[in-house]
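# Reading the structure
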Amino acid sequence: METNEVVYLAVKPNYVTSVLKDLSSAVRAHTLIVSIAAGVPTFVIEKHLPDEARVIRVMPNIAAVVQSSACVYARGKNADDGDCDLVTEMLNCVGLVEEMPEDLMDAATGLSGNGPAYVRHYGFVAIQALADGGVKMGLNRDKALRLAAQTLLGAAKMVLEQHVHPEQLKDEVCSTGGTSIYALHRLESCGFRGALMDAVEAGTLRSIEMGQHHLDNNK
Ligand SMILES: NC(=O)C1=CN([C@@H]2O[C@H](COP(=O)(O)OP(=O)(O)OC[C@H]3O[C@@H](n4cnc5c(N)ncnc54)[C@H](O)[C@@H]3O)[C@@H](O)[C@H]2O)C=CC1
Ligand SMILES: O=C(O)[C@@H]1CCC=N1
């Protein structure tokens, strides 16, 4: 491998160990391994590589394809500030990036890693469901979908770029006795918030469980 080469580990988590066994002999001190495998702790990756191996564990988010991802990463025992800067720079090209302690990676997996799936399949404010509501109420499908997607994008941008607290955004949209507060009441009655919180918790616990599985298999 060439100097300062970066190797991305992007196979399914259950293949990580076997891929590392093949890779190990080619890894040098200057090689940076960037893993995006969910639930695979850095020490498990390090265990299958030479002692000096530098590892960074990333939890990306599928919106990278539209430069709007929410990525987090944790550094392994040998990764230095330069490695983190490099990963930050790379991930910044596709959206937001934060470093965090490794014990919080499971929670980030449950929230931002899996999040697009919740929004797509279950979220009340999911684009699909919002569009379906629009279609039910007479909008054509194409228009409803575009309005729904832009609505989510706009709300997210206000939170991220104007630092508007979601609660404030909600209050500003809900006029007294108006349409939004009626709709919001329906959302609360349907248990929307609880469902999303349950989803994040379930995703986090699954990520921890996957890490535990690797731990047990690497004793
Ligand atoms: N799909 C998502 O939104 C996210 C996925 N991840 C992680 O990314 C990783 C990949 O997931 P997906 O992209 O969804 O799966 P995928 O099945 O689309 O991609 C896996 C890729 O690995 C390749 N592969 C399999 N065995 C290999 C080997 N021995 N050597 C080289 N390449 C091999 C496959 O050909 C395939 O292209 C997983 O570890 C997952 O936890 C992390 C965050 C988000
Ligand atoms: O479902 C999965 O395991 C991957 C990790 C985060 C999003 N998708």
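Not measured: the values here are computed from a predicted model.

Another point: the site of ligand 2. Taken together, Ala38, Met59, Gly113 and Asn114 are the residues near ligand 2. In isolation ligand 2 exposes 250 Å². Once the protein is present, 46% of that is buried.

The domain boundaries assigned to the protein delineate domain 1 (6-102) and domain 2 (115-203). Placing a centre on the C-alpha atoms of domain 1 and another on those of domain 2 gives a separation of 33 Å.

Once that is clear, we can look at the site of ligand 1. Around ligand 1, the neighbouring residues are Ala10, Val11, Lys12, Pro13, Val19, Ile36, Ala37, Ala38, Met59, Pro60 and Ile62. Lysine 12 places a side-chain nitrogen or oxygen 3.1 Å from an oxygen atom of ligand 1. Within the complex, 48% of the 830 Å² of free accessible area of ligand 1 lies under protein. Along the lines of polarity and charge, the residues of the shell around ligand 1 split into ten nonpolar, no polar and one charged.

Pairing is mixed in the open sheet, where five strands are placed in the order β1-β2-β3-β4-β5. Two strands in the sheet have a free side with no partner beyond their single neighbour: β1 (6-9) and β5 (95-99). Looking at each pair of strands side by side, their axes are set apart by 25 degrees on average, direction ignored. Pairing analysis gives four bridges linking β1 to strand β2 (residues 32-35), with the strands arranged parallel. Looking at the pairing, leucine 9 lines up with serine 35 of β2. Across the sheet, helix α4 (residues 105-113) touches β3 (54-59) and β4 (69-75), and the angle it forms with β3 is around 40 degrees.

Basis of the calculations
- Residues numbered from 1 in each chain as written.
- Chains lettered and ligands numbered in written order.
- Predicted model: local features only at pLDDT ≥ 70, side-chain atom pairs only at ≥ 80, totals over all residues.
- Heavy atoms only, no water.
- Near = heavy atom within 4 Å.
- Areas by Shrake-Rupley, 256 points an atom, 1.4 Å probe, with all protein chains shown as cover.
- Domains from an automatic or database assignment.
- Polar contact = N/O pair within 3.5 Å; in protein donor to acceptor, adjacent residues only side chain to side chain.
- Nonpolar A, V, L, I, M, F, W, Y, C, P; charged D, E, K, R; others polar.
- Pairing = 2+ DSSP bridges.
- Helix = DSSP H or I, 4+ residues; strand = E, 2+ residues; numbered from the N terminus.
- Axes fitted to C-alpha atoms, helices over the stretch in contact; angles between N-to-C directions.
- Contact = heavy atoms within 4.5 Å.

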